[in-house]
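Fold and geometry: a report
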Amino acid sequence: WNAFCNAFSNGFGLDLRQAISLLLLVPALHAVSLAVLYNVFGTKRFGLSRGEVVAAMFCASHKTLAFGLPLINTVFEGSPDLAAYCAPIMVIHPIQLLLGSLLIPRLSKYTETED
């Protein structure tokens, strides 16, 4: 919680160009990771049901803010660039929630039509 509050009170340590790059790159990488994991877990080799494919896709791709921020804060404690190191994980968390909620209708249809 402390690292999160410090980032907002002291700034993210990114200039405008870096922030825009981060806001474009992180969602794209997350969407690609979801697509790749969907295809990997959906293969017959894993033998997963459609519901299990969706669960595995989300569990493998999601990183938590609660674990990541304290870890980054511990590893880079005292660094003047700490806020910049925390920025990607602070951006990915809401993006994970947003992309996941946008995928709900499609994934619900997918899981309802069980093989």
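Keep in mind that this is a model prediction, so the values were computed, not measured.

This part covers the overall build of the protein chain. Secondary structure assignment for the protein chain yields 5 helices and 0 strands. Going from the N terminus to the C terminus, the protein chain shows its helices and strands as α-α-α-α-α. Going through the 115 residues of the protein chain one by one, you find that 29% of them count as buried. Across the protein chain, every contact between residues at least 6 apart in sequence was considered, and the portion connecting residues at least 24 apart equals 70%. On the protein chain, roughly 7,700 Å² of surface is accessible, and the fraction owed to carbon and sulfur atoms is 67%.

Running from N to C, helix α3 (residues 50-61) and helix α5 (residues 82-112) point in directions that differ by 170°, and their axes come no closer than 11 Å. What the angle tells us is that α3 and α5 run roughly antiparallel. Regarding α3 and α5, the two cross each other, and that crossing is right-handed. Counting all contacts with α3, which are made through Arg50, Gly51, Val53, Val54, Met57, Phe58 and Ser61, the residues of α5 involved are Gln96, Gly100, Leu107, Tyr110 and Thr111.

Among all positions of helix α4 (residues 65-75), only Leu65, Gly68, Leu69 and Ile72 are buried. Angularly, the buried residues of α4 cover 95° about the axis, an arc narrow enough to put them on a single face. Within α4, the exposed residues directed more than 90 degrees away from the buried face are Ala66, Phe67, Thr74 and Val75.

Taken together, the side chains of Val32, Val36, Val40, Phe46 and Leu48 make up a nonpolar region of the molecular surface, amounting to roughly 390 Å² of accessible area. Structurally, Phe46 can be placed in the loop between α2 (16-41) and α3. A relative accessible area of 41% places Phe46 in the partly exposed class.

The subject of this paragraph is α2. For α2, with 26 residues, the first-to-last C-alpha span of 37 Å sits near the 38 Å given by 1.5 Å per residue. Along α2, the residues classified as buried are Leu22, Val26, His30, Leu34, Leu37 and Phe41. At its buried positions, α2 is contacted by α3 and α5. The opening residue of α2, the one whose side-chain oxygen lies 3.2 Å from the backbone nitrogen of Arg17, is Asp15.

Relative to the elements of secondary structure, His30 occurs in helix α2. Of the residues examined, His30 reaches a relative accessible area of 3% and is grouped as buried. If near-sequence neighbours (up to four positions away) are discounted, His30 is found in contact with Ser61, His62, Ile92, Gln96 and Leu99.

Next up on the list: the confidence of the model for the protein chain. On average, residues of the protein chain score 86 in pLDDT, and 88% of them reach the 70 mark or higher. Per-element confidence in the protein chain is highest for α3, whose mean pLDDT is 93, and lowest for helix α1 (residues 2-10), whose mean pLDDT is 62.

Before going further, it helps to spend a moment on the side chain of Gln96. The residue Gln96 is located in helix α5 in this model. For Gln96, a relative accessible area of 4% puts it in the buried group. Ignoring sequence-local partners within four residues, the contact set of Gln96 consists of His30, Ser61, His62 and Lys63.

Reading the values: the criteria
- Residues numbered from 1 in each chain as written.
- Predicted model: local features only at pLDDT ≥ 70, side-chain atom pairs only at ≥ 80, totals over all residues.
- Heavy atoms only, no water.
- Helix = DSSP H or I, 4+ residues; strand = E, 2+ residues; numbered from the N terminus.
- Buried < 20%, exposed > 50% of the residue type's maximum accessible area, 1.4 Å probe, protein only.
- Contact = heavy atoms within 4.5 Å.
- Areas by Shrake-Rupley, 256 points an atom, 1.4 Å probe, with all protein chains shown as cover.
- Axes fitted to C-alpha atoms, helices over the stretch in contact; angles between N-to-C directions.
- Parallel < 35°, antiparallel > 145°, perpendicular 65-115°, else oblique.
- Left-handed = near helix turned anticlockwise from the far one by under 90°.
- Arc of directions from axis to C-beta.
- Patch = residues over 30% accessible without salt bridge, like charges linked within 9 Å, V, L, I, M, F, W, Y side chains within 5 Å.
- Salt bridge = Lys/Arg side-chain N within 4 Å of Asp/Glu carboxyl O.
- Expected span 1.5 Å × (residues − 1).
- Polar contact = N/O pair within 3.5 Å; in protein donor to acceptor, adjacent residues only side chain to side chain.
- pLDDT = per-residue confidence, 0-100.

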